[in-house]
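# Fold and geometry: a report
Single-letter residue listing:
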Amino acid sequence: MTQDRRRKAYLVGGGIASFAAAVYLIRDGGMAGEDIFVLEESKVLGGSLDGAGNADQGYVIRGGRMLTYEAYSCTFDLLASIPSLSDPDTSVSDEIHVFNEEHRSHAQARLMRNREKVDVSTLSLTNRDRLDMVKLMLASEETLGRTRIEDHFAPEFFKTNFWLMWCTTFAFQPWHGAVECKRYMLRFIQEFPRLATLGGVKRTPYNQYDSIVAPVTRWLKARDVRFELDTRVTDLDFVHGAKGQAVERIHCISGDKTAEIIVKPDDLVFVTNGSMTAGSRLGSMTVPATLGSAADGGAWTLWETLAQKHPDFGNPHAFYGNVAESKWLSFTVTLRDPAFFAAMEAFSGNKAGTGALVTFTDSNWLMSVVLAHQPHFINQPSDSFVFWGYGLFPEEKGNFVGKKMADCTGADILAELRGHLPFDAQASLNDATSNCIPCMMPFITAEFMPRVAGDRPPVRPTGTSNLAFIGQFCEMEDDVVFTVEYSVRSAQTAVYSLLNLDRPVPALYKGQHDPRVLLAAFEAMMR
Ligand SMILES: Cc1cc2nc3c(=O)[nH]c(=O)nc-3n(C[C@H](O)[C@H](O)[C@H](O)COP(=O)(O)OP(=O)(O)OC[C@H]3O[C@@H](n4cnc5c(N)ncnc54)[C@H](O)[C@@H]3O)c2cc1C
């Protein structure tokens, strides 16, 4: 590095992966915040960890995050360094711990059928299912290749309590990659005994924008990290240097102007390649959410452009190329009447915030709803209530509205939900006091699409000297995508590697190596 110029770091994307990279560059790498640039194409920070709106126009969260203490070691390491918004002496990690002590997940109405609770004391697996699960867990990723989950199980497996709880907790479809399902079964094997209650699930006090993105943003801004919003990165130029290929230029569109950033060999570039929420679009009570495409935004186009330049940069088409199999629809409902929450709490036996997920197994959409602890937004007035739901099969016609979920307005979705409820919800979930906002996400499970080694670039691509890929579409051994943890771990790995820091990234929790965890999982499978 020259003496008159300090190293700069450019972070493409303003989601939790880039945020984590920025924190680690400062906290562990000793970089100054003013030398770190976050380039984000939207006008809002946080990426998929969104949470916006107000009680009058309706709140929106595209999703709600479940965390666990065992599997989220990097995330809690990150959040332990960030003061909470409400108390500068408490970290966000501690705030989450305290909240979960007071509001423990213990679902008592996890699955519903014919408007009644399903007995989930058994996972209802057959011996063949158990054997197939063990075979999948033991299979090598090379052998599994691009096979799908459905290639490894009998059709009846997909009707078991295990699968119905598993697929709706993690958003798996039978056609998703077997490799990802195998990794999940191992990574979350400690959850098998508590799958029915979701007892291992930890929540943030508010939505993840308010509870995670806002405090991390404040921490980074206090250290003068530069946030360049409305800035889409379109390409990177490389030069061959002594240490391999180095990024020498970043091409962007900032507002409506093209711009270039010159990158020196000692500067660092972190790219969040791909995004599960790219192309997501909102509807309203009267308008369905339309379907976006890979051309919406720079997430897929940048990765595709880079992949053409270097064989080690992966194969993005494997992930974004089959929208029919990667999309689903979520919805956020804002209520001005407490009656619906009261009725749900009475039938489920769960106070809002402790029930995790209620899944209607006979819903053609395989619809689930979650009542978060209230308020779910920092600015939420006490006479409003917010819940979230989703359907795994948006192309199916509803049981009650007779329309494909994808074609439904918010009002249609509420009508369908009313039909599945075990109480008369006409009064409490009516169109006058409810605002349901649908959100179509074409790539929400793109990270679960069948893939083989090489489809995802490594965090540090071979032959490059100043570049790292971070987020959900880079490759890290054994860890599982569709998690905040994966994005944070990739960022921590990238920073420590690019800065040559002699610090370990927190180890992956591997419950399968603990005989007590294995025994408990086995007992659960036998129930
Ligand atoms: C509905 C839903 C439910 C979820 N449930 C859970 C859960 O229960 N538990 C859990 O751990 N995780 C869950 N997740 C996943 C978790 O939210 C994500 O894995 C994580 O937020 C991804 O963060 P990221 O920074 O890697 O990527 P993203 O959040 O996708 O951020 C990428 C950012 O980069 C920007 N960008 C992309 N390309 C460009 C470009 N070329 N130029 C400039 N900017 C660009 C995008 O605009 C975006 O802001 C869920 C996600 C959703 C959507």
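First things first, this report covers the structure right here in the doc. Being a predicted model, the structure only gives us computed values, none of them experimental. Every chain begins its residue count from 1, and numbering advances along the sequence as written. Reporting of local features is limited, given that this is a predicted model, to residues whose pLDDT is at least 70; pairs of side-chain atoms are given and counted only at 80 or more, and all residues count toward the totals for whole chains, interfaces and linings. Water and hydrogen atoms play no part in the side-chain values, which are based on all heavy atoms of the structure.

## A short note on the overall build of the protein chain
- A tally of helices and strands in the protein chain yields 15 helices and 18 strands.
- Taken against the 2.2 N^0.38 rule, which gives 24 Å for 527 residues, the C-alpha radius of gyration of the protein chain at 23 Å falls within 12% of a compact globule.
- Principal-axis analysis of the C-alpha atoms places the extent of the protein chain at approximately 70 × 50 × 45 Å.
- The classification of residues rests on relative accessible area computed with a 1.4 Å probe and restricted to protein chains. Under 20% of the type maximum is buried, over 50% is exposed, and intermediate values are partly exposed. The buried share among the 527 residues of the protein chain stands at 61%.
- What makes two residues a contact is simply this: any of their non-hydrogen atoms within 4.5 Å. Considering only intrachain contacts with a sequence separation of at least 6, the fraction spanning at least 24 residues in the protein chain is 73%.
- Summing over all exposed atoms, the protein chain offers an accessible surface of approximately 20100 Å²; the carbon and sulfur share of this is 53%. Put simply, DSSP marks the helices as runs of H or I at least four residues long and the strands as runs of E at least two long, and each gets a number from the N terminus on. Our radius of gyration is a C-alpha quantity, and the globule rule it is checked against amounts to 2.2 Å times the number of residues to the power 0.38. Every accessible area reported is derived by Shrake-Rupley at a probe size of 1.4 Å, with residue values counting cover from the shown protein chains alone.

## Considering the pairing of strand β17 (residues 434-441)
- Most of β17 sits inside the fold, with eight of its eight residues counted as buried.
- By the alternation rule, side chains of β17 split into Ser-434, Cys-436, Pro-438 and Met-440 and Asn-435, Ile-437, Cys-439 and Met-441, which are all buried.
- By the bridge criterion, eight bridges tie strand β13 (residues 328-335) to β17 in an arrangement that is antiparallel. The partner of Leu-335 across the bridge, within β17, is Ser-434. For two strands to be treated as a pair, DSSP must find at least two bridges joining them.

## Quick look at the layout of surface pockets
- Residues are called lining when one of their atoms sits within 4 Å of a cavity or pocket point, these points coming from a 1 Å grid over the protein atoms alone, where a cavity is a set in which a 1.4 Å probe fits but cannot get out and a pocket is an open set with protein on both sides within 12 Å along at least five of seven lines. Grid points are joined across faces, edges and corners, and a volume is the space filled by probe spheres set on the points. Roughly 360 Å³ of volume is contained in the second largest pocket.
- Lining the second largest pocket are 24 residues; nearest its centre among them are Lys-243, Pro-265, Asp-266, Ser-465 and Asn-466.
- Elements represented by at least two residues in the lining of the second largest pocket include exactly β8 (231-241), β9 (244-254) and α14 (484-498).
- When residues in the lining of the second largest pocket are grouped by element, the largest group, five residues, is from β9.
- In the scheme used here, Gly and all other residues not listed as nonpolar or charged are polar, with Ala, Val, Leu, Ile, Met, Phe, Trp, Tyr, Cys and Pro taken as nonpolar and Asp, Glu, Lys and Arg as charged. Grouping the constituent residues of the lining of the second largest pocket by class yields ten nonpolar, six polar and eight charged.

## Quick word on the state of the cysteines
- Counting rule for disulfides: a pair of cysteine sulfur atoms within 2.5 Å. Here the structure, examined in full by the defined rule, presents zero disulfides.
- Just so you know, Cys-436 is unpaired, no disulfide at all, and the nearest cysteine sulfur is the one on Cys-408, 9.5 Å from it.
- The thiol of Cys-439 is unpaired, and the distance to the nearest cysteine sulfur, on Cys-436, comes to 11 Å.
- For Cys-439, a relative accessible area of 2% gives the class buried.

## Some points on the sheet that holds β9
- One open sheet accounts for three strands, arranged β8-β9-β10; its pairing is antiparallel. The sheet is open, and its two borders are formed by β8 and β10 (257-262), each paired with just one other strand. Ignoring strand direction, the axes of neighbouring strands in this sheet form an average angle of 25°.
- Where β8 lies against β9, ten bridges are found, and the strand directions are antiparallel. By the bridge assignment, His-240 is partnered in β9 with Gln-245. Each axis is a line fitted through C-alpha atoms, and for a helix only the stretch in contact is used; angles between axes span 0 to 180 degrees, taken between their N-to-C directions.

## Side note on the packing of helix α1 (residues 16-27) against helix α8 (residues 208-222)
- Look at α1 against α8: their axes get within 11 Å of each other, and the N-to-C directions meet at 35°. Crossing of α1 over α8 shows left-handed handedness. Contact residues: Ile-16, Phe-19, Ala-22, Val-23 and Ile-26 in α1; Ile-212, Val-213, Val-216, Thr-217, Trp-219 and Leu-220 in α8.
- Each residue belonging to the contact of α1 with α8 can be placed in one class, and the counts come to ten nonpolar, one polar and no charged. Less than a right angle of anticlockwise turn of the near helix away from the far helix marks a crossing as left-handed, whereas a clockwise turn marks it as right-handed.

## Side note on the sheet that holds strand β14 (residues 358-360)
- Strand order in the open sheet made by the eight strands is β6-β5-β14-β15-β16-β13-β17-β12, with mixed pairing throughout. Only two strands of the sheet have a single neighbouring strand rather than two, namely β6 (116-117) and β12 (281-282).
- One ladder, built from two bridges, connects strand β5 (residues 111-113) with β6; its direction is antiparallel. Across the sheet, residue Met-112 finds its bridge partner in β6, namely Lys-117.
- Each of β13, β14, β15 (367-371), β16 (385-391) and β17 touches helix α13 (residues 410-420); the most contacted strand, β17, lies at about 105° to it.

## Overview of the nonpolar core
- Of all hydrophobic cores here, the largest spans 129 residues; its most connected members are Trp-166, Phe-192, Ile-250 and Phe-270.
- Ile-250 has contacts with Tyr-10, Leu-39, Val-233, Asp-235, Leu-236, Ala-259, Glu-260, Ile-261, Val-263 and Val-269, leaving out every residue within four places of it along the chain.
- By size, the runner-up hydrophobic cluster in this structure holds 34 residues, among which are Leu-329, Phe-331, Phe-385 and Phe-387. Working definition of a nonpolar core: buried Ala, Val, Leu, Ile, Met, Phe, Trp, Tyr and Cys residues. They are joined through side-chain atoms within 4.5 Å.

## Focus on empty space enclosed by the protein
- Under the definition given, this model contains one cavity of 30 Å³ or more.
- Its volume calculated, the largest cavity comes out at about 120 Å³.

## Observations regarding α8
- Over its 15 residues, α8 extends 20 Å from the first C-alpha to the last, a length consistent with the 21 Å expected when each residue adds 1.5 Å.
- Here the bend at each residue means the angle between axes fitted to two seven-residue stretches, the one ending at that residue and the one beginning there. At Ala-214, α8 shows its maximal bend, which comes to roughly 25°, and the proline Pro-215 appears one to four places after that position.
- In terms of residue burial, α8 counts as a mostly covered element, since eleven of its 15 residues are buried.
- Buried residues of α8: Gln-208, Asp-210, Ser-211, Ile-212, Val-213, Ala-214, Pro-215, Val-216, Thr-217, Trp-219 and Leu-220, and no others.
- Elements in contact with the buried residues of α8: α1, α2 (73-79), α3 (92-102) and β7 (226-228).
- Whenever two N or O atoms come within 3.5 Å, that pair is a polar contact, provided that in protein one can donate a hydrogen and the other can accept it, and provided that, for residues adjacent in sequence, both atoms are side-chain atoms. Here α8 starts with a cap whose side-chain oxygen sits 2.9 Å from the backbone nitrogen of Tyr-209, and that cap is Asn-207.
- Where α8 terminates, the next one or two residues include Asp-224, which has phi positive at roughly 70°. Expected span of a helix: the number of residues minus one, times 1.5 Å.

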